[in-house]
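# Fold and contact review
Here's the letter readout for the chains.
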Amino acid sequence: MTRTTRWARVVSVLGIAALVSALPIVNLGPAAGETAPQRGGTLTLSIKYSPTSIDPQKNKTITDEQVGALMAEPLVDWVNGSFVGVLAKSWDVSADGKTYTFSLRPGVKFQDGAPLTAAAVKASFERMTDPAAPMPRGGNLANVASVTAVDELTVRVSLKTPDPDFLGKLLQIDVLDPASWKGLTPDKAPSGTGPFQLVSYVPDQRVEFKKFPGYWGGEPYLDQIVIQVVPDPATQEIELESGKIDFMDYVPAKDVSRLQHEGLQKMSFGRVNWGRLVFNLKTVTDLQVRQAVCYAFDRNAVLQDAMYGLGTPQLTLAVPGTWAYSSKITPYRYDPARAEQILDQAGWTAPRPGAMRQKDGKPLVLNLPTSSNGDWEIITQMIQQMLRNVGIDSRITTMEPNTFYDAVRTGKYDIAWFETNASPVPPIAAQNLDTHQYWDVMQQDLPQVDALVEQASATVDQHARAELYLQVQTIHHDQALECTGAWMEQVFAVSSKVHGMVLDPLGVTIFSARWWKSQ
Amino acid sequence: VRRYLARRLLVSFGVVLGVVTLVFVALRSVPGDPVDMLIPADASGSAGIALAQQLRAKYGFDRPLYVQYGLYLSRLARFDLGSSIRSERSVAEDLLERYPATLELAVGSLFVAVALGVPAGILAALRPNSVFNNASMTLALLGLSLPTFWTGLSFMLLFSLILGWLPASGLGGPVWSWDGLSHLLMPAVTLGIEPAGVLARLTRSAMAEVLRENYIRTARAKGLAARTITIRHALRNALLPVVTVLGLQFGGLLSGAIVVETVFAWPGIGRYLVFGITGKDFPVVQGGVLVIACAFVLINLLVDVLYVVLDPRIAYT
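Quantities reported herein were computed from a predicted structural model and do not represent experimental measurements.

Before going further, it helps to examine the environment of B:Arg56. For B:Arg56, the position within the fold is in helix H2 (residues 45-59). Sequence-wise, B:Arg56 and B:Pro34 are 22 residues apart; in three dimensions their C-alpha atoms are separated by 8.7 Å. Leaving out residues up to four positions away in the same chain, B:Arg56 has contacts with A:Arg409, A:Tyr438, B:Asp33, B:Val35, B:Phe61 and B:Asp62.

Below you can see the structure in the form of structure tokens.
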């Protein structure tokens, strides 16, 4: 399993806003011509991993999400840097940030003919968080105290604590017709409001859809959408170039420019996948060692040589240009001389020039595990060399991905390259610093950081919130809790015949009713 | 013979039970946690931890190993393979859905291997120092050494992208239709090349040995036609080791061809198993390995029975 799937299941935490957004297709192939949309035709999408479930509310991976987005819709989505209403026509947030009231779009029908009602929204939310059988994404609604159907088309959601980012957590919560999910077999999907209806689902092979003529946003342009599961990227590329498919997901970084030369469109989403160097604070206790590592780490080299320039350096937790960003933080920049100086001062010295450092006879050697997928291994090898350049020895252990995640989660490591996905809000990657979570990798309670993160995520006033996040960032920097790395860009390739595709910040292709193909 | 078969079946049962137990223990002693894959990376504090506990309880991972093993065996005795942790689908149904694809590919590539390998071996043995011998043995060596992902992608480039003759990936219709056959062709050839190389070299050496035997010289002295000697007298005897190897190769093919299935997006059990392994999806791995073990045991039994047909001197008691 590669990085994309593992992290693909992610959702809303780390925040990253303005720079993310749904980036429009950059057409670098031959001009497709700005003609009026054409109706009809079949669009063939190729994805690497079979969806794990065809039920849009059981989504675990971004692929599940992408398949589900054809059939079902959330209340809101995030496009071009802001929230847009999908099934919600409008919404209202109470001053204390604890009550969200959604006005539903009138005249919306589920694919089975039932009307969209406030009761259906309530039932959908409750199904996601059913204590007897919680959905993987049900945690997004953990803060919900109650859902009330105020009238036919008004839903009120009350939260336990204020949450200014609550809308961001709804991106993966699809609304389904409650009458349609009872007694379903795994190859059938419950009824959503989306532009396409499921025709057939064969795991590991294909999923077929036909258009839903009664779609509230107008009849979809395409007649059919076929999704093929093709695990090997090289095969996907051959099929794309031979015109057998119209779209492939997660193009390997090394192939992006070649495909663009072949005239294919590049569709990318960036700054949601976030890579960094993490420390096990229980074993790497010496602050100066952590600081030295951050100075020795050349993020630009990783970005250029291992990621083929697809991404941008990440200097601080917050996204530059957003309210959460502060120029008061001076980031660690690549400075090996500084790293050596810090180590010398801390008493970690090399017995002779070129040898690895030690202190009181104890060698400076770090356990550096990595996951056996191509990119992570290369990046980790680069890191090993960077550390060696300043006299820090390290031992790489390559593990199968699942074993690696578990090793990091349970603290069987000293330092590791680690990647996480993010949500567009808030625009700062701070949520993962919470040490009371399943995926806490730091292995040490940081009560002050936990309290600040918790307080910040429940603060409605943006100014006060930015102030709290500045405190978090200051600790993060001063204690060198991690070394920030890069916001990584993910690329999908699309045939030049395809128009109107939109990517949301999580990498889900949305608004399929407006996709069309020139004949 | 009946007693022999009964004994063999009993031993086979032991083998399968051993494999199942080994896999059960191995899966659980390898580091990693199956519920990791189900907890979103951003699951906030209590939500993620609670979900993990709930899932562990649901699948019984929080119980002692021997209890888990006992429950597993008792379900197995009722032919219940459980359901996938990731997809929640029944493993038995998943396997039933994928096995025909694996079988199709295995038979297809075995056909390719026999059709290419055996005649090449025979001809090479008949003309030991000819150009044909050298060429076919070089090709056989090449077939043995080329990695399948490379040959697969090369075929794909040529026949799908450049010539546009064959579909690059996926499973087509039934194999007797052009759609089905055209989808099968490239993966079957790609997968069949390696065993074809093995068979060619093996057939050649076995044939060469048999051709030096006295009874062949006698047959020649009697004035029998060369074709009769080759096929009736030499080939039949030379085939014994070939059949043994063929059986083993077929068993291997039946366990799914991970690389070819991945390159050609062939929905067989090899890929299913790999997804299961990387995702620590215990029921999927256990079910998949069980089926493969049964296939292997069965094929080996068949090969032994086939010996009797090929060589009347062998008799099982």
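Here we take up the state of the cysteines. Residues and elements named next belong to chain A. By the definition in use, this model includes one disulfide over all chains. Note on cysteine connectivity: Cys-294 is disulfide-linked to Cys-483, with sulfurs 2.1 Å apart. A torsion of -90 degrees about the S-S bond marks the disulfide between Cys-294 and Cys-483 as left-handed. Taken together, the residues span a long stretch of sequence, with Cys-294 in helix H7 (residues 287-296) and Cys-483 in strand S23 (residues 482-494) at a distance of 189 residues. Exposure remark for Cys-294: the relative accessible area of 2% places this residue in the buried category.

In this section: the interface of chain A and chain B. Taken together, the contacts link 50 residues of chain A with 49 residues of chain B. Of the roughly 4,100 Å² buried where chain A meets chain B, counting both sides, 57% is carbon and sulfur surface. The tally of links between chain A and chain B comes to five salt bridges. Between B:Asp36 and A:Arg409 there is a salt bridge whose closest N-O contact spans 3.1 Å. Where chain A meets chain B, there are ten residue pairs in polar contact (both at pLDDT 80 or more). Those elements giving two or more residues to the side of chain A that touches chain B turn out to be helix H1 (3-8), strand S11 (196-202), helix H5 (233-241) and helix H11 (401-409) of chain A. The class makeup of the residues in the side of chain A that touches chain B is 22 nonpolar, twelve polar and 16 charged.

Residue and element names in this part refer to chain A. The alternating pattern of strand S4 (residues 76-79) places Val-76 and Trp-78 on one face and Asp-77 and Val-79 on the opposite face, and all of these are buried. Relative to strand S5 (residues 82-85), S4 runs antiparallel, the two being bridged by four bridges. The partner of Asp-77 across the bridge, within S5, is Val-84.

Here the focus is the sheet that holds strand S6 (residues 88-93) of chain A. Residues and elements named next belong to chain A. Strand order in the open sheet formed by four strands is S6-S7-S9-S8, and the pairing between neighbours is antiparallel. Each end of this open sheet is capped by a strand with a single partner; those strands are S6 and strand S8 (144-151). Between one strand axis and the next, the sheet turns by 20 degrees as a mean value, whatever way the strands run. Sheet topology places strand S7 (residues 99-104) next to strand S9 (residues 154-159); five bridges connect them, and they run antiparallel. Looking at S9, one finds that Phe-102 is bridged to Val-155.

Bringing the packing of aromatic side chains into the picture now. Enumeration according to the criterion identifies 25 aromatic pairs over all chains in this entry. Ring geometry for A:Tyr295 and A:Tyr332: centres 5.0 Å apart, planes at 70 degrees, overall edge-to-face. Of the two residues, A:Tyr295 is situated in helix H7 and A:Tyr332 in the loop between strand S16 (311-313) and helix H9 (336-345); the sequence distance between them amounts to 37 residues. The class for A:Tyr295 is buried, based on a relative accessible area of 11%. Take A:Tyr332: its relative accessible area is 8%, and that puts it in the buried class. A ring pair is formed by A:Tyr405 and A:Trp439, whose centres lie 6.3 Å apart and whose planes are at 90 degrees; its orientation type is edge-to-face. Of the two residues, A:Tyr405 sits in helix H11 while A:Trp439 sits in the loop between strand S22 (422-423) and helix H12 (447-457), which places them 34 residues apart along the sequence. For the pair A:Tyr405 and A:Trp439, one class covers both residues: buried. Over the ring of A:Tyr221 we find A:Arg514; its NZ or CZ atom is 4.6 Å from the centre of that ring. The positively charged end of B:Arg28 is found above the aromatic ring belonging to B:Phe24, 3.8 Å away from the centroid.

Let us now look at the packing of helix H4 (residues 91-126) of chain B against helix H12 (residues 282-310) of chain B. All names here are of chain B. Direction vectors running N to C along H4 and H12 enclose 50 degrees, while the axes themselves pass 10 Å from each other. The angle between H4 and H12 falls in the class oblique. As H4 runs across H12, the sense of the crossing is right-handed. Of the residues in H12, those touching H4 at Val-91, Leu-95 and Tyr-99 are Pro-283, Val-284, Gly-287, Gly-288, Val-291 and Ala-295. Here the residues of the contact of H4 with H12 are counted per class, giving seven nonpolar, two polar and no charged.

Definitions and cut-offs
- Residues numbered from 1 in each chain as written.
- Chains lettered and ligands numbered in written order.
- Predicted model: local features only at pLDDT ≥ 70, side-chain atom pairs only at ≥ 80, totals over all residues.
- Heavy atoms only, no water.
- Helix = DSSP H or I, 4+ residues; strand = E, 2+ residues; numbered from the N terminus.
- Contact = heavy atoms within 4.5 Å.
- Disulfide = S-S within 2.5 Å.
- Buried < 20%, exposed > 50% of the residue type's maximum accessible area, 1.4 Å probe, protein only.
- Buried area = accessible area lost by both parts, 1.4 Å probe.
- Salt bridge = Lys/Arg side-chain N within 4 Å of Asp/Glu carboxyl O.
- Polar contact = N/O pair within 3.5 Å; in protein donor to acceptor, adjacent residues only side chain to side chain.
- Nonpolar A, V, L, I, M, F, W, Y, C, P; charged D, E, K, R; others polar.
- Pairing = 2+ DSSP bridges.
- Axes fitted to C-alpha atoms, helices over the stretch in contact; angles between N-to-C directions.
- Phe/Tyr/Trp six-rings, centres within 6.5 Å; stacked < 30°, edge-to-face > 60°.
- Lys NZ or Arg CZ within 6 Å of the ring centre and 35° of its normal.
- Parallel < 35°, antiparallel > 145°, perpendicular 65-115°, else oblique.
- Left-handed = near helix turned anticlockwise from the far one by under 90°.

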